[in-house]
Amino acid sequence: MAAVFTAASFLAIFPRADYPHLMLMMPVFLVVGTWLLATVAGKLIDSCRLGRLAVRTATIGGLFATVGLPAVMLVTGDRIVSTLPHFRGPFVRPDFEQAALRQAGQLRAVSSEDQLFLLMPQAGFYYLVAGIRNPTPFDYPLVTAFGLTGEDAVVAAIKNGHISRVCWEYWPWVLRPARLEQFVATWLRPGPKVGQCTLYLR
């Protein structure tokens with residue numbers, strides 16, 4: 001049963017088995033690994049003094065890594081408690097929060113009548129932090145999110161004026177929406193730089 005549960009959870013990393021998706025699997029592996037340790041190797045560990053010592057050491061080390069280390073980072077100022085809208089609470093670097101707030105303010109300043117489309121890797125994040133309404137159903141502008149017709153739908157929205165502005169940050173990744181990027185580059189005119197992205201206008 002544990003193997004079926006792990007296998008089903010493992011499927012969640014697809015279609016992109018990258019670092020963020022693999023990190024979401026770590027709690028599942030931890031739970032299943034703990035269960036295996038308790039049921040399969042439990043008797044061996046109980047009968048071995050060295051095994052018990054290893055388990056206790058690993059537990060103490062794990063507790064320090066999850067509780068003590070973040071506390072040290074807060075005390076030293078290496079991390080702060082995030083105050084970003086919709087992302088309050090997690091520990092973040094101070095420079096990251098300042099940069100995110102600065103970028104969000106710049107995006108708000110150029111957004112017009114909810115017609116700004118963010119063509120950048122952190123689009124979903126900045127829609128929330130900046131309080132900008134996404135004019136499309138696509139929060140993460142990659143070919144895997146657009147599906148078969150998504151890029152064409154965004155192109156049509158730009159042509160008919162539903163989207164009047166695109167803030168585009170080029171990133172050389174195999175999953176970037178190259179067809180949509182080509183359309184933005186040829187159909188819209190480049191405007192000012194807005195933090196990490198460049199504003200393109202009709």
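An account of the accompanying structure is given in this report. Worth saying up front: this structure is predicted, and the values here are computed from it rather than measured.

So, how was this worked out
Residues numbered from 1 in each chain as written. Predicted model: local features only at pLDDT ≥ 70, side-chain atom pairs only at ≥ 80, totals over all residues. Heavy atoms only, no water. Helix = DSSP H or I, 4+ residues; strand = E, 2+ residues; numbered from the N terminus. Buried < 20%, exposed > 50% of the residue type's maximum accessible area, 1.4 Å probe, protein only. Contact = heavy atoms within 4.5 Å. Areas by Shrake-Rupley, 256 points an atom, 1.4 Å probe, with all protein chains shown as cover. Pairing = 2+ DSSP bridges. Axes fitted to C-alpha atoms, helices over the stretch in contact; angles between N-to-C directions. Expected span 1.5 Å × (residues − 1). Arc of directions from axis to C-beta. Disulfide = S-S within 2.5 Å.

1. Side note on the overall build of the protein
Helix and strand counts for the protein stand at 9 helices and 6 strands. C-alpha extents for the protein along the principal axes are approximately 75 × 40 × 25 Å. For the protein, the residues scored as buried account for 34% of the 202 residues in total. Sequence separation of at least 24 residues holds for 52% of the intrachain contacts in the protein that already meet a minimum separation of 6. When the accessible surface of the protein is split by element, carbon and sulfur atoms take 67% of a total near 12,400 Å².

2. What about the pairing of strand 6 (residues 197-201)?
Within a regular strand, the side chains alternate between the two sheet faces. Judged by how many residues are buried, strand 6 sits mostly within the fold: 5 of 5 residues are covered. Residues Cys197, Leu199 and Leu201 line one face of strand 6 and the alternating positions Thr198 and Tyr200 line the opposite face, and both faces are buried. As paired strands, strand 5 (residues 189-194) and strand 6 are joined by 4 bridges and run antiparallel to one another. In the strand pairing of strand 6, Arg189 is matched with Leu201.

3. Some words on the sheet that holds strand 5
Read across the sheet, 4 strands follow the order 3-4-6-5 without closing on themselves; strand pairing throughout is mixed. Each of the sheet's edge strands pairs with one partner strand only, and the pair in question is strand 3 (116-119) and strand 5. Neighbouring strand axes in the sheet, compared pairwise and without regard to direction, differ in orientation by 25 degrees on average. Taken together, the 4 bridges between strand 4 (residues 165-168) and strand 6 define a ladder with antiparallel strand orientation. The residue bridging Val166 from the neighbouring strand is Tyr200, located in strand 6.

4. Structural notes on helix 5 (residues 94-110)
Counted at 1.5 Å a residue, the expected span for helix 5 with its 17 residues is 24 Å, and the 25 Å between its end C-alpha atoms agrees. Taken together, the buried positions of helix 5 are Glu97, Ala100, Gln103, Ala104, Leu107 and Val110. Taken down its axis, helix 5 places every buried residue within 160 degrees of arc, on the same side. For helix 5, the exposed residues set more than 90 degrees away from the buried face come down to Gln98, Arg102 and Ala109.

5. Section: the state of the cysteines
With the rule as written, the count across this model stands at 1 disulfide. Two residues share a disulfide in this structure: Cys167 and Cys197, whose sulfurs sit 2.1 Å from each other. Looking down the S-S bond of the Cys167 and Cys197 bridge, the torsion is 80 degrees, so its handedness is right-handed. With Cys167 in strand 4 and Cys197 in strand 6, this pair connects stretches of sequence that are 30 residues apart. Taken as a pair, Cys167 and Cys197 share a single burial class, namely buried.

6. Overview of the environment of Thr198
The topology assignment puts Thr198 in strand 6. Spatially, the C-alpha atom of Thr198 lies 8.9 Å from that of Tyr170, the residues being 28 residues apart in sequence. Dropping the residues within four chain positions of it, Thr198 is found in contact with Val166, Cys167, Trp168, Gly191, Pro192 and Lys193.

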